[in-house]
Amino acid sequence: MAKTKTTFYCQNCGANSPKWLGKCPACGEWNTYVEEVVSKSSSASEKEVWQDESRKRNKPTKIQELQFDNHRRIETGSGELDRTLGGGIVPGSLVLIGGEPGIGKSTLLLQMAIQMKTVKTLYASGEESLEQIRMRAERIGIDAENCYLLAETALSDILTHAAQLKPDVLIIDSIQTLYTDNIEASVGSISQVRECTGKLMKYAKQTNVPVFLIGHVNKDGAIAGPKVLEHMVDTVLQFEGDRHLSYRILRTSKNRFGSTSELGIYEMRESGLREVTNPSEVLISPREGFLSGVAIGATLEGNRPLLIEVQSLVSPATYGNPQRSTTGFDVKRLNMLLAVLEKRLGIRLSAQDIFLNMAGGIKVNDPALDLSICAGIYSSFDDIAIPSSICFSAEVGLGGEIRAVNRIESRITEAARLGFSQIYVSTHNIKGVDLSKFDIEVKAFSKLADAFADLFN
Ligand code: TYD
Ligand code: MG
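Residues numbered from 1 in each chain as written. Chains lettered and ligands numbered in written order. Predicted model: local features only at pLDDT ≥ 70, side-chain atom pairs only at ≥ 80, totals over all residues. Heavy atoms only, no water.

Before going further, it helps to examine the nonpolar core. Ranked by internal contacts, the top residues of the largest apolar core, which has 44 residues, are Met358, Ile373, Ile377, Phe392, Leu448 and Phe452. Of all the elements in the fold, those that place two or more residues in this core are strand E10 (247-255), strand E11 (263-269), strand E14 (304-316), helix H9 (331-345), strand E16 (352-358), helix H10 (370-382), strand E17 (390-392) and helix H12 (448-456). Among the elements that take part in this core, H10 stands out by supplying six residues, more than any other. Counting residues domain by domain, this core receives three or more from each of domain 2 (74-275) and domain 3 (282-455). Non-local contacts of Met358, meaning those with residues more than four positions away in its chain, are made with Ile308, Glu309, Val310, Thr327, Gly328, Phe329, Val364, Leu369 and Ile373. Core analysis: the second largest hydrophobic core is formed by 28 residues, Ile97, Met116, Ala137 and Ile214 among them. (Core = buried A, V, L, I, M, F, W, Y, C linked by side-chain atoms within 4.5 Å. Buried < 20%, exposed > 50% of the residue type's maximum accessible area, 1.4 Å probe, protein only. Helix = DSSP H or I, 4+ residues; strand = E, 2+ residues; numbered from the N terminus. Domains from an automatic or database assignment. Contact = heavy atoms within 4.5 Å.)

The structure is reproduced here in structure tokens:
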């Protein structure tokens, strides 16, 4: 006889407790515990399960005898997405795509479904009606013979249709709108999300059909629902960007079938998402005349070298407390760099408002941008423009020293490829590096003061 049991789940992190709690001991959020029904069928004990002869079991196999075919990945028709997935979709994998509302998750996957011409796709949406999806598809351009749409929130119905249609790829938009009758918890609750994901995982593994899940994120940016969701799936992709700006970054935060340092860059257009294959060119705006406060830094996004424009504005503070404000960069790190400039170089910034902006709405936390930030701030402070043919790639230490950064050669190569004529790096970075192979002048310094003396003479 099935016994009904209820448990309280934290809606933020998925921790559970037999009684209600005001503050979650696991994630520290207040008032997130909700009672959910967990039907527990009287399960057979461990002993009975393994003694049951009728059960079909997997057999232990020697590792050398396993058949493994790495070439069976399904191509998505989008180079950026393929790369982010580690070289295409792995059959039978479960991929979770998270991101804020309105960032373009539905667009990304619908576009993928439409682009895969030879692959039969089923796009099941619990968020939008078929007309709404169709309207979206009109904007992207519908030219797909093998893309099926389904507006449904009952997981059992979706799986029934999938069993009949036999798609090559199944897309679920979104996992939080699905429900299964097996448990009584409400739609979108932790237990429902977990149960549905579990079933979809089973479906993926048994039929070898890859399943994409769209997941909402909570206010901390984590995928809403329990962490267990991230443990269950094979791959977790994060779709990020500023909703008001057009650039989007697709980042891998977990991948059982590839590297997590890959990423894809997209631009949201009227007609859907466009792949940005050469991000540096769009992140650096063409400059006319001399403009102080702008410095170009060579950073890395995942494995990709990227040159971005760092804009700073230093102006005398009119009110008591000077402002320090950043977009796309950690304000604490900015404060540290300002302290270094003040203490080690004697630049009086304490009575100045300072604004720092990473152009293009990109968020970076690469210390290799330190030097470009310091240079940009001094350039704005003294109103001396930095020539647009110069870029920077080095970390600045607390002692005012210029420190080495990782993968300097790919940064220098990218700067050279984009036509910069000089790059400022750390002396410690270029030991043993043959500089003659780069088509750019590499200027190496070990002290910020020396680099500034050279740059601003
Ligand atoms: P959507 O994919 O619905 O976001 P999500 O599923 O992550 O909530 O995309 C929402 C935004 O994208 C919406 O504000 C409109 C914009 N958009 C375009 O700019 N161009 C397009 O072609 C499409 C389809 C959407
Ligand atoms: Mg959506």
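Next up on the list: the site of ligand 1. Near ligand 1 lie 15 residues; those nearest to it are Gly102, Ser106, Thr107, Arg269 and Gly272. The backbone of Gly102 places a nitrogen or oxygen atom 2.7 Å from an oxygen atom of ligand 1. Taking Thr107, its side chain carries an N or O atom lying 2.5 Å from an oxygen atom of ligand 1. Starting from 560 Å² of accessible surface for ligand 1 in isolation, the protein chains cover 76%. Here the shell around ligand 1 takes three residues from helix H3 (residues 105-115), the largest share from any one element. (Near = heavy atom within 4 Å. Polar contact = N/O pair within 3.5 Å; in protein donor to acceptor, adjacent residues only side chain to side chain. Areas by Shrake-Rupley, 256 points an atom, 1.4 Å probe, with all protein chains shown as cover.)

Counting across every chain of the model gives two cavities of 30 Å³ or more. Of the volumes computed, that of the largest cavity is approximately 70 Å³. For the largest cavity, the full set of lining residues is Glu240, Gly241, Tyr247, Ile249, Arg251, Gly360, Gly361, Ile362 and Lys363. Both domains that meet at the lining of the largest cavity, namely domain 2 (74-275) and domain 3 (282-455), each give it at least three residues. In this structure, the second largest cavity occupies an estimated 40 Å³ of space. (1 Å grid on protein atoms, 1.4 Å probe; cavity = no way out; pocket = protein on both sides within 12 Å on 5 of 7 lines; lining within 4 Å. Points joined across faces, edges and corners; volume = space filled by probe spheres on them.)

Attention now goes to the sheet that holds strand E5 (residues 121-125). With mixed pairing, the nine strands of this open sheet are ordered in space as E6-E5-E7-E8-E4-E9-E10-E11-E12. The open sheet has two edge strands with one neighbour each: strand E6 (147-151) and strand E12 (272-275). The average undirected angle you get between the axes of adjacent strands in this sheet is 25°. Bridge count between strand E7 (residues 169-173) and strand E8 (residues 211-216): four bridges; the pairing is parallel. When the sheet's bridge partners are listed, Ile171 is paired in E8 with Phe212. Across the sheet, helix H6 (residues 190-207) lies against strand E4 (94-99), E7 and E8, angled at about 160° from E8, the strand it touches most. (Pairing = 2+ DSSP bridges. Axes fitted to C-alpha atoms, helices over the stretch in contact; angles between N-to-C directions.)

With respect to the element layout, Ile171 can be found in strand E7. Residue Ile171 is classed as buried on the basis of its relative accessible area, which comes to 0%. Taking the C-alpha atoms as reference points, Ile171 and Val314, 143 residues apart in sequence, are found 48 Å from one another. Contact partners of Ile171, with chain neighbours within four places excluded, come to Leu109, Met112, Ala113, Leu122, Tyr123, Ala124 and Phe212.

Further remarks concern the environment of Ala351. Here Ala351 is to be found in the loop between H9 and E16. In sequence terms Ala351 and Arg72 are 279 residues apart; their C-alpha atoms lie 62 Å from each other. Ignoring any residue separated from it by four or fewer positions in sequence, one finds Ala351 in contact with Pro316, Ala317 and Pro322.

Before going further, it helps to examine the packing of H3 against helix H4 (residues 130-140). Running from N to C, H3 and H4 cross one another at 70°; their axes reach a closest spacing of 10 Å. Compared by their axis directions, H3 and H4 come out roughly perpendicular. Of the residues in H4, those in contact with Ser106, Thr107, Leu110, Gln111 and Ile114 of H3 are Ile133, Arg136, Ala137 and Ile140. Taken together, the residues that form the contact of H3 with H4 break down as five nonpolar, three polar and one charged. (Parallel < 35°, antiparallel > 145°, perpendicular 65-115°, else oblique. Nonpolar A, V, L, I, M, F, W, Y, C, P; charged D, E, K, R; others polar.)

Turning our attention to the packing of aromatic side chains. Within this structure, the stated rule accounts for seven aromatic pairs. When the ring of Tyr378 is compared with that of Phe381, the centres are 6.4 Å apart and the planes differ by 45°; the resulting orientation is tilted. Here Tyr378 and its partner Phe381 are both found in helix H10, three residues apart, which amounts to about one turn of the helix. Between the aromatic rings of Tyr424 and Phe445, the centroid separation amounts to 5.6 Å while the plane-to-plane angle is 15°, which identifies the pairing as stacked. On the criterion of sequence distance, the pair formed by Tyr424 in strand E20 (residues 422-426) and Phe445 in strand E21 (residues 441-445) is long-range, its members being 21 residues apart. Since its relative accessible area comes to 14%, Phe445 is described here as buried. Joined through ring pairs, the aromatic side chains of Tyr378, Phe381, Phe452 and Phe456 make up one cluster. (Phe/Tyr/Trp six-rings, centres within 6.5 Å; stacked < 30°, edge-to-face > 60°.)

Mapped onto the elements, Asp353 comes out in strand E16. No salt bridge is formed by the buried Asp353. Its closest oppositely charged neighbour is Arg324, at 5.6 Å. Reaching out from Asp353, the side chain makes a polar contact with the backbone nitrogen of Gln323 at a distance of 2.7 Å. Discounting chain neighbours no more than four positions away, the residues touching Asp353 are Leu313, Val314, Ser315, Pro316, Ala317, Thr318, Asn321, Pro322, Gln323 and Arg324. (Lys, Arg positive; Asp, Glu negative; His and termini not counted. Salt bridge = Lys/Arg side-chain N within 4 Å of Asp/Glu carboxyl O.)

Let us look at the domain arrangement of the protein chain. Assigned domains within the protein chain: domain 1 (1-42), domain 2 (74-275) and domain 3 (282-455). For domain 1 and domain 3, the distance between their C-alpha centres works out to 49 Å.

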